[in-house]
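# Residue-level structural notes
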Amino acid sequence: MSRKNQTLGEFIIENQAEFQYSSGELSRLINSIRLAAKVVNHEVNKAGLVDIVGAVGETNIQGEDQQKLDVMANDTFIRTLTNRNILCGIASEENDDFISLEGQNGDNNNKYILLMDPLDGSSNIDVNVSVGTIFSIYRRVTPPGTPVTIEDFLQPGREQVAAGYIVYGTSTMIVYTTGHGVNGFTLNPAIGTFYLSHPNMQFPEMGNIYSVNEGNYVHFPDGVKKYIKYCQEEAEGRPYTSRYIGSLVSDIHRNMIKGGIYMYPKSSKATNGKLRLLYECNPMAFIAEQAGGKASDGYTRILDLKPTELHERVPFFCGSRLMVEKAESFMNND
Ligand SMILES: O=P(O)(O)OC[C@H]1O[C@](O)(COP(=O)(O)O)[C@@H](O)[C@@H]1O
Ligand SMILES: [Mg+2]
Ligand SMILES: [Mg+2]
């Protein structure tokens, strides 16, 4: 049951019943993510006033310059989640390897692991354009009471128990799914409470927005070039509008509300594209599918891909179902 303006806390408790034999662990986990999101939101909002913009002078395993907000968000989520003893492992874009968490008694009986992109859209931090956080939750596959292993993190996306994102934009929202539809909650900054503002979010089956970094056009595969030309043609319902924020979370969020397709294809510059399967593509694909949309690498359903590495990249096509299918048809006729 979802009531508009229900608080996130109320929603979590009310929907816990959806989980048979629920121990409340997942509810506590979502609650902790909510708390960390508020702390990060507070820092992001004052980014122009305090020394929190710019790079820290370190690079992460992706070879990217870590931004101060990347590190702040990473530390905030890891600290908030670790202190609450609700996970047995965490993996992050900003950490080379996964973190195995010991329970209070040195054991490890917690059943969930979390993967995250603590700050998505890092190139937009310094220019006051919306950024986000992305998270993905699985049940561990290794026996409880033993340290987690890489196998716990390399599960296909279809095994996700929950996934979501936080967008720090004109307003701050948490959008997530536990496999029972997608709901969005907006933060009332005056009282620090998230309210259900977007119940049962649905990707329109068709839209007129395409989101891709056209600066890479010359490097794209022919199928992608042909699809972009198709989007720009004078025809019924076309040309589509081009919108690209450069923050995955914000581009997908807009397209989910208005209808559209987001693409980060492979290219001659980036043979597997740029986006990371485990903590960018899988969670956004789970959300998209739960909202009636679609997500693939141009050929295969993202959620069916078998991960092989923690930070592996895949080409990503995500959005309104008919638009993704059209893009795939161009890729397959390539
Ligand atoms: O600048 P580009 O190459 O278009 O890449 C933009 C994409 O890269 C990202 O910023 C990658 O995410 P991070 O900022 O978390 O590294 C996406 O949010 C965005 O969609
Ligand atoms: Mg990202
Ligand atoms: Mg990031």
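Residues numbered from 1 in each chain as written. Chains lettered and ligands numbered in written order. Predicted model: local features only at pLDDT ≥ 70, side-chain atom pairs only at ≥ 80, totals over all residues. Heavy atoms only, no water.

Each strand in a sheet pairs with another by means of backbone hydrogen bonds, the pair being arranged parallel or else antiparallel. Taking strand neighbours across the sheet as the criterion, the 8 strands line up as β4-β3-β5-β6-β7-β8-β9-β10 in an open arrangement whose pairing is mixed. Of all strands in the sheet, those with a lone pairing partner are β4 (99–100) and β10 (193–198), marking the two edges. Where strand β8 (residues 172–177) and strand β9 (residues 182–188) come together, 5 bridges link them in antiparallel fashion. From the neighbouring strand, T177 faces β9, where its bridge partner is V182. Sitting on the sheet, helix α1 (residues 8–16) touches β8, β9 and β10, and the angle it makes with β8 is about 10°. Against the sheet, helix α7 (residues 277–290) makes contact with β3 (89–92), β5 (112–120), β6 (131–139), β7 (162–168), β8 and β9, and its axis sits at roughly 85° relative to β6, the strand it touches most. (Pairing = 2+ DSSP bridges. Helix = DSSP H or I, 4+ residues; strand = E, 2+ residues; numbered from the N terminus. Contact = heavy atoms within 4.5 Å. Axes fitted to C-alpha atoms, helices over the stretch in contact; angles between N-to-C directions.)

Further remarks concern the environment of V44. As for its position among the elements, V44 is in helix α2 (residues 25–45). Sequence-distant contacts of V44, that is, excluding residues within four places in its chain, are made with L69, V131 and Y168.

For β9 and β10, the ladder comprises 5 bridges, and the chain directions are antiparallel. By the bridge assignment for β10, L187 is matched with F194. The hairpin turn running from β9 into β10, its antiparallel successor, is 4 residues long, and G192 in that turn takes a positive phi close to 70°.

Not every one of the 17 residues close to ligand 1 is listed here, only the nearest: D120, N213, Y244, L248 and Y264. L119 has a polar backbone atom sitting 3.2 Å from an oxygen atom of ligand 1. One of the side-chain nitrogen or oxygen atoms of N213 is found 2.8 Å away from an oxygen atom of ligand 1. Counting residues per element, the ones that place at least two in the shell around ligand 1 are β5 and β13 (261–264). Here the element with the most residues in the shell around ligand 1 is β5; it accounts for 3 residues. (Near = heavy atom within 4 Å. Polar contact = N/O pair within 3.5 Å; in protein donor to acceptor, adjacent residues only side chain to side chain.)

Let us look at the coordination of the magnesium ion (ligand 2). Looking at the magnesium ion (ligand 2), one finds its protein donor set to be D117 (OD), D120 (OD) and E280 (OE), positioned 1.9 to 2.1 Å from the metal centre. In the primary sequence, the donor residues of the magnesium ion (ligand 2) line up as D-x2-D-x159-E. Between the magnesium ion (ligand 2) and the magnesium ion (ligand 3) the interatomic distance amounts to 3.7 Å, and D117 serves as a bridging ligand to the pair. Of this pair, D117 sits in strand β5 while E280 sits in helix α7, and the two are 163 residues apart along the sequence. Relative accessible area serves as the criterion here: at 0%, D117 is assigned to the buried category. With relative accessibility at 2%, the residue E280 sits in the buried group. (Donors = N, O, S within 2.8 Å, 3.2 Å for Na, K, Ca; no water. Buried < 20%, exposed > 50% of the residue type's maximum accessible area, 1.4 Å probe, protein only.)

A few words now on the UniProt feature "binding site: Mg(2+) 1" (unreviewed entry) in the chain. Per the UniProt entry, the sites bearing "binding site: Mg(2+) 1" (unreviewed entry) are E93, D117 and L119 in this numbering. For the annotated residues, spread through 27 residues, the largest C-alpha to C-alpha distance comes to 8.8 Å, consistent with a single compact locus. Each residue touching D117, except ones within four places of it in the same chain, is listed here: E93, G132, T133, I134, Y279 and E280. When you line up the elements, L119 lands in strand β5. On the accessibility criterion, L119 (1% relative accessible area) is buried. (UniProt positions renumbered as here; feature names shortened; annotations may be inferred.)

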